[in-house]
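Summary of structural features
Spelled out from the first residue to the last, the chains are:
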Amino acid sequence: MTQPQPQPRTGPEQPGAPAPGGGRTQPEEADLLRGLLHSPAYLRSLVHSALIGVPVSLVAFWFLVALHQLEHLMWVHLPQAMGRPIPPWWWPLVLLPLAGAVVAFVVTRLPGAGGHVPAYGLQPGGASARALPGVVIAAVASLPLGAALGPEAPLIALGGGLALLFRDLARGPETPQSTALMAAAGAAAAMSVILGNPLVGAVLLMEVVGVGGPQLFAVMLPALLSSGIGSLVFTGFGRWTGLETGSLSLPLSGPFPRLDAGDVGWTAVIAVVIGVLVHLIMAGGRRAAALVRARPVAATMLCATGAGVCATLYTLVTGRTSADVASSGQAAMAQLAADPRSWGVGALIAVIAFKSVAYSLCLAGLRGGPIFPALFLGAALGVLLSPLPGFGVIPGLAAGMAASAAAAFRLPVSSVVLVALLLGSIAMTPVVMLAAVIAFCTTQLLPAFRDQQPVEEGELPSGAGAPAREREPS
């Protein structure tokens, strides 16, 4: 009698069989990853990533030191030399138009247009070697002279561009895969410097690049390695020199309270409010960015002057320093967290209103990053709404920062990790996660302003060698 033949296995558990929906099976994913880790070219990329973290972190350190010192010179030392405790009311009307003029020159005359337009969010790509001078000049003109932006976007471009430059000097292979991996490693090393933690930089880059499966491991292993080594070098070098680059730690005004139903309920409400507000700010920035592309010189000057007017009006209305509006908000956020009562209701409303407009204009016309102004606006809104019944200052601060960050750059996981590390405790993690998710969903449900994003020089593909994906406008 003929024995029945065993039937071939065709289910998803069989290696090589297509998964439902046409995707790869888990064995296929594991084989791809195993082959990647056995690839001599990829192992060489890991070694290069570790080596790149050292020089990139050193360059980023001195870059941040220079920005920090120049900002203090412009907004503290020079006004004090004139016998004024705070900058005079007309000070932003001098510095910000000057910043606009320099950025307009860089955009129209130098390669790379000074880096990514911040209105379109964080970009994972590094600038090419010939675009690096324009990136540095635009950032030095924008940030110390009063742009309501942070240094993270120039650092990403600088770190990625330096990584590619070092690869070229070492005569490394110039393939799409090596370009993507080296740019990711350099960007991660630079991000770990400004964010104060290698984990935040790696998670942020993971969400910005937006890859999964073996591509996620391909990009993230070099990024983690370079980010960790860069953070070690940066931390040790900073302690050795004693120079400051600005601190991200928040000196909170009191102990962490125990969360209750009131904190959770108000978190859900303010996350929606902040999500809508930040969505309008980012959409306004993109509308203005479209005008800047059409008329770069005139529109850049107009945006910079408008930001200066906002800072001047804030000083005239409140009597406080115009640096509250004309800055990234990093120092002001620390002051707000340490002593919320020093900011009256009128001052909080004024700084939210004027900084929102200045932020939107700077996103379009100047060069910098969107993270720190968004965090400050969220913190100010959280403190402003903290007197609501059953709410509190620290939960409001935590929820406001998380909601604003998630709404501004559409990276909820990075927003949660960043805010949790800023607070230095996991006590507020439930409201941080809730605020980030609700604000992110709110912005996703709102109508988007669809403006085609310009392709920047040196943009990093989404995944190793994959074409860059078009980012959804906020």
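Quick note: structure is the one above.
Basis of the calculations
- Residues numbered from 1 in each chain as written.
- Predicted model: local features only at pLDDT ≥ 70, side-chain atom pairs only at ≥ 80, totals over all residues.
- Heavy atoms only, no water.
- Helix = DSSP H or I, 4+ residues; strand = E, 2+ residues; numbered from the N terminus.
- Buried < 20%, exposed > 50% of the residue type's maximum accessible area, 1.4 Å probe, protein only.
- Contact = heavy atoms within 4.5 Å.
- Areas by Shrake-Rupley, 256 points an atom, 1.4 Å probe, with all protein chains shown as cover.
- Phe/Tyr/Trp six-rings, centres within 6.5 Å; stacked < 30°, edge-to-face > 60°.
- Lys NZ or Arg CZ within 6 Å of the ring centre and 35° of its normal.
- Patch = residues over 30% accessible without salt bridge, like charges linked within 9 Å, V, L, I, M, F, W, Y side chains within 5 Å.
- Salt bridge = Lys/Arg side-chain N within 4 Å of Asp/Glu carboxyl O.
- Axes fitted to C-alpha atoms, helices over the stretch in contact; angles between N-to-C directions.
- Parallel < 35°, antiparallel > 145°, perpendicular 65-115°, else oblique.
- Left-handed = near helix turned anticlockwise from the far one by under 90°.
- Core = buried A, V, L, I, M, F, W, Y, C linked by side-chain atoms within 4.5 Å.
- Polar contact = N/O pair within 3.5 Å; in protein donor to acceptor, adjacent residues only side chain to side chain.
- Expected span 1.5 Å × (residues − 1).

This brings us to the overall build of the protein chain. The helix and strand inventory of the protein chain stands at 16 helices and zero strands. Counting over 474 residues, the protein chain shows a buried share of 54%. Across the protein chain, every contact between residues at least 6 apart in sequence was considered, and the portion connecting residues at least 24 apart equals 80%. About 19,600 Å² of surface is accessible on the protein chain, with carbon and sulfur atoms providing 67% of the total.

Attention now moves to the packing of aromatic side chains. Two measures describe an aromatic ring pair: the distance that separates the ring centres and the angle between the ring planes. By the definition in use, this model includes three aromatic pairs. The ring of Trp-343 carries Arg-320 above its face, with NZ or CZ at 3.9 Å from the centroid.

To continue, consider a nonpolar patch on the surface. Taken together, the side chains of Met-82, Trp-89, Trp-90, Leu-93, Val-94, Val-309, Leu-313 and Leu-316 make up a nonpolar region of the molecular surface, amounting to roughly 690 Å² of accessible area. The set of elements that each furnish at least two residues to the nonpolar patch consists of helix H3 (91–109) and helix H10 (296–318). By residue number, the principal contributor to the nonpolar patch is H10, which donates three residues. Along the polypeptide, Leu-93 turns up in helix H3.

Moving on, we come to the packing of helix H12 (residues 345–365) against helix H13 (residues 371–385). For the pair H12 and H13, the least separation of the axes is 10 Å and the interaxial angle reads 155 degrees. Taken together, the axes of H12 and H13 lie roughly antiparallel to each other. For the crossing formed where H12 meets H13, the hand is left-handed. Here Val-345, Leu-348, Ile-349, Val-351, Ile-352, Lys-355, Ser-356 and Tyr-359 of H12 come into contact with H13, specifically with Pro-373, Ala-374, Phe-376, Leu-377, Ala-380, Leu-381, Val-383 and Leu-384.

Attention shifts here to the environment of Ala-99. In this structure, Ala-99 sits in helix H3. Expressed as a C-alpha distance, the spacing of Ala-99 and Met-301, which sit 202 residues apart in the sequence, is 8.3 Å. Dropping the residues within four chain positions of it, Ala-99 is found in contact with Ala-141, Ser-142, Leu-145 and Leu-366.

A word on unusual backbone geometry. For residues other than glycine, phi is negative in most cases, and the peptide bonds are mostly trans. Positive phi, close to 55 degrees, is recorded for Ala-113, a residue that is not glycine. Its location among the elements puts Ala-113 in the loop between H3 and helix H4 (132–142). Residues other than glycine seldom take positive phi values, yet Arg-410 does so here, at roughly 55 degrees. Among the secondary structure elements, Arg-410 is positioned in the loop between helix H14 (393–409) and helix H15 (412–423).

On to the nonpolar core. If you look at the biggest cluster of nonpolar residues, it comprises 115 residues, and the most contacted ones within it are Tyr-359, Leu-375 and Met-401. With twelve residues, H14 is the single largest residue contributor to this core. Once you skip the residues sitting within four places of it in the chain, Leu-375 turns out to touch Met-333, Met-401, Ala-405, Leu-418, Val-419 and Leu-422.

Looking at the element boundaries, Ala-332 is found in helix H11 (residues 330–338). The class of Ala-332 is buried, set by a relative accessible area of 5%. Sequence spacing of Ala-332 and Phe-376 is 44 residues, and the spatial spacing of their C-alpha atoms is 7.5 Å.

Mapped onto the secondary structure, Ser-328 falls in the loop between H10 and H11. Engagement of the side chain of Ser-328 in a polar contact is seen with the backbone nitrogen of Gln-330, the distance being 3.3 Å. Those residues within four positions of Ser-328 in sequence are excluded, and the remaining contacts are Ala-147, Leu-149, Gly-150, Lys-355, Phe-372 and Pro-373.

It is worth spelling out helix H5 (residues 152–169) at this point. In this model, H5 (18 residues) spans 25 Å end to end at C-alpha, consistent with the 26 Å of a helix rising 1.5 Å per residue. Burial runs high along H5: 14 of the 18 residues are buried.

Along the chain, the position of Trp-266 falls in helix H9 (residues 261–294). In this structure Trp-266 comes out as partly exposed when scored by relative accessible area, which is 25%. Residues Trp-266 and Ser-386, 120 residues apart in the sequence, show an inter-C-alpha distance of 9.0 Å. Excluding residues that lie within four positions of it along the chain, Trp-266 makes contacts with Leu-388, Pro-389, Gly-390 and Phe-391.

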